[in-house]
Amino acid sequence: QVQLVESGGGLVQAGGSLRLSCAASGSIFSIGAMDWYRQAPGKQRELVAHITSGGSTNYADSMKGRFTISRDNAKNTGYLQMNSLKPEDTAVYYCAAEVATMRGIIADYWGKGTLVTVSS
């Protein structure tokens, strides 16, 4: 089995920063693309940022210049550095990853999310 666990969420004032982590564990052979999504109350889940296994990145327009996605392949961990946070960034943040297991199964896995609350 594979588990993704997010951490680093919390309460921060507008203009502040947070760094989220996503640690993958279990029967992992390799990890492909990793993504961060978020879901605000009453809204649909949206893609925040994407990083390939080689480190290429993409961001949603509203996050460009404020958020940075990265990964440490040796630690099977992804990160989302969030700067200049705004109240509208308040949401549950989820990580997702394409994982190849030791059994040769390739599937998408999701974490349970971490809550980010930005106060005005």
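Residues numbered from 1 in each chain as written. Predicted model: local features only at pLDDT ≥ 70, side-chain atom pairs only at ≥ 80, totals over all residues. Heavy atoms only, no water.

**Here's the deal with the pairing of strand E8 (residues 77-82)**
And step 1. In terms of burial, E8 is largely enclosed, as 5 of its 6 residues are buried.
And step 2. Direction of pairing for strand E3 (residues 18-26) relative to E8: antiparallel, over a ladder of 6 bridges. Bridging from a neighbouring strand, Ala23 pairs with Thr77 of E8.
And step 3. Of the pairings in the sheet, the one linking strand E7 (residues 67-72) to E8 comprises 6 bridges and is antiparallel in character. Within the sheet, the bridge partner assigned to Arg71 lies in E8 and is Gly78. (Buried < 20%, exposed > 50% of the residue type's maximum accessible area, 1.4 Å probe, protein only. Helix = DSSP H or I, 4+ residues; strand = E, 2+ residues; numbered from the N terminus. Pairing = 2+ DSSP bridges.)

**With respect to the pattern of salt bridges**
And step 1. Scanning the model with the defined rule gives 4 salt bridges in all.
And step 2. Here Arg38 ties to Glu46 by a salt bridge, and the two come within 2.7 Å at their closest N and O atoms.
And step 3. Salt bridges sharing common partners tie together Arg38, Glu46, Arg66 and Asp89. (Salt bridge = Lys/Arg side-chain N within 4 Å of Asp/Glu carboxyl O.)

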